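# Coordinate inspection notes
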Amino acid sequence: MKKYCLFLLCAALCLCCILGTSCASDGNGNINVFLSVRMKGNGDGTVTAFAQNEFALCAAPLSVTLEIYTSDVGSIDFGDMKFVDSVSSDDLAAPDIIMLTFSVESESYYSARVLYSIGGESGELRSDVILYGVDGKRK
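Residues numbered from 1 in each chain as written. Predicted model: local features only at pLDDT ≥ 70, side-chain atom pairs only at ≥ 80, totals over all residues. Heavy atoms only, no water.

### Brief notes about the overall build of the protein
- For the protein, the count of helices and strands is 1 helix and 8 strands.
- The N-to-C order of helical and strand elements in the protein reads α-β-β-β-β-β-β-β-β.
- Every one of the 139 residues in the protein was classed for burial, and the buried ones make up 32%.
- Taking contacts inside the protein between residues at least 6 apart in sequence as the whole, the part at least 24 apart equals 62%. (Helix = DSSP H or I, 4+ residues; strand = E, 2+ residues; numbered from the N terminus. Buried < 20%, exposed > 50% of the residue type's maximum accessible area, 1.4 Å probe, protein only. Contact = heavy atoms within 4.5 Å.)

So this is what it looks like as structure tokens:
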């Protein structure tokens, strides 16, 4: 069983090496990135939002902006929410994280949004809309 697992691991590593060398050096090769966004109440009157490049295989530079929004109602439309703060990175390499900690002024709904750009394409990721109390705990 151990030899079989070792064989599978070696085969997977060989495949990664082959894919890695097949990517163009000018950044126009294959782009495989796993990006995540999440929020965590700290229990001390603050909440921290995170954006993480979980995995990147032969990726071009990943430009990321993490934004926080708040609302008195559980709106999922950022146009109806109030902007709180943001932080950016011009090249978020795997497994790097950018984070933003903010104070909860009143019991409100909060959501994080990640705007990203890689290889000439751009997009966004959104966290859930979460209700946090002034103590920084999820309600």
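### Some remarks on the packing of aromatic side chains
- Under the defined criterion, the tally for this structure stands at 4 aromatic pairs.
- Summarising the aromatic geometry, the rings of Tyr69 and Phe83 are spaced 5.7 Å apart at their centres and angled 75 degrees between planes, so their arrangement reads as edge-to-face. Of the two residues, Tyr69 is situated in strand β3 (residues 62-71) and Phe83 in strand β4 (residues 82-89); the sequence distance between them amounts to 14 residues.
- Taking the relative accessible area as the measure of exposure, Phe83 reaches 40% and is therefore partly exposed.
- Relative to Tyr110, the ring of Phe102 has its centre 5.2 Å away and its plane inclined at 40 degrees; by these criteria the two rings are tilted.
- In this structure Phe102 comes out as buried when scored by relative accessible area, which is 6%.
- Assessed through its relative accessible area of 4%, Tyr110 is described here as buried. (Phe/Tyr/Trp six-rings, centres within 6.5 Å; stacked < 30°, edge-to-face > 60°.)

### A word on the sheet that holds strand β1 (residues 32-41)
- An order of β1-β2-β5 is seen for the 3 strands of this open sheet, with the pairing classed as antiparallel. The sheet is open, and its two edges are formed by β1 and β5 (97-103), each paired on a single side. Strand after strand, the sheet turns through a mean of 10 degrees between neighbouring axes, direction not considered.
- Bridge analysis of β1 against strand β2 (residues 46-57) gives 10 bridges, and the strand direction is antiparallel. Note that in β2 the partner of Lys40 across the bridge is Thr48. (Pairing = 2+ DSSP bridges. Axes fitted to C-alpha atoms, helices over the stretch in contact; angles between N-to-C directions.)

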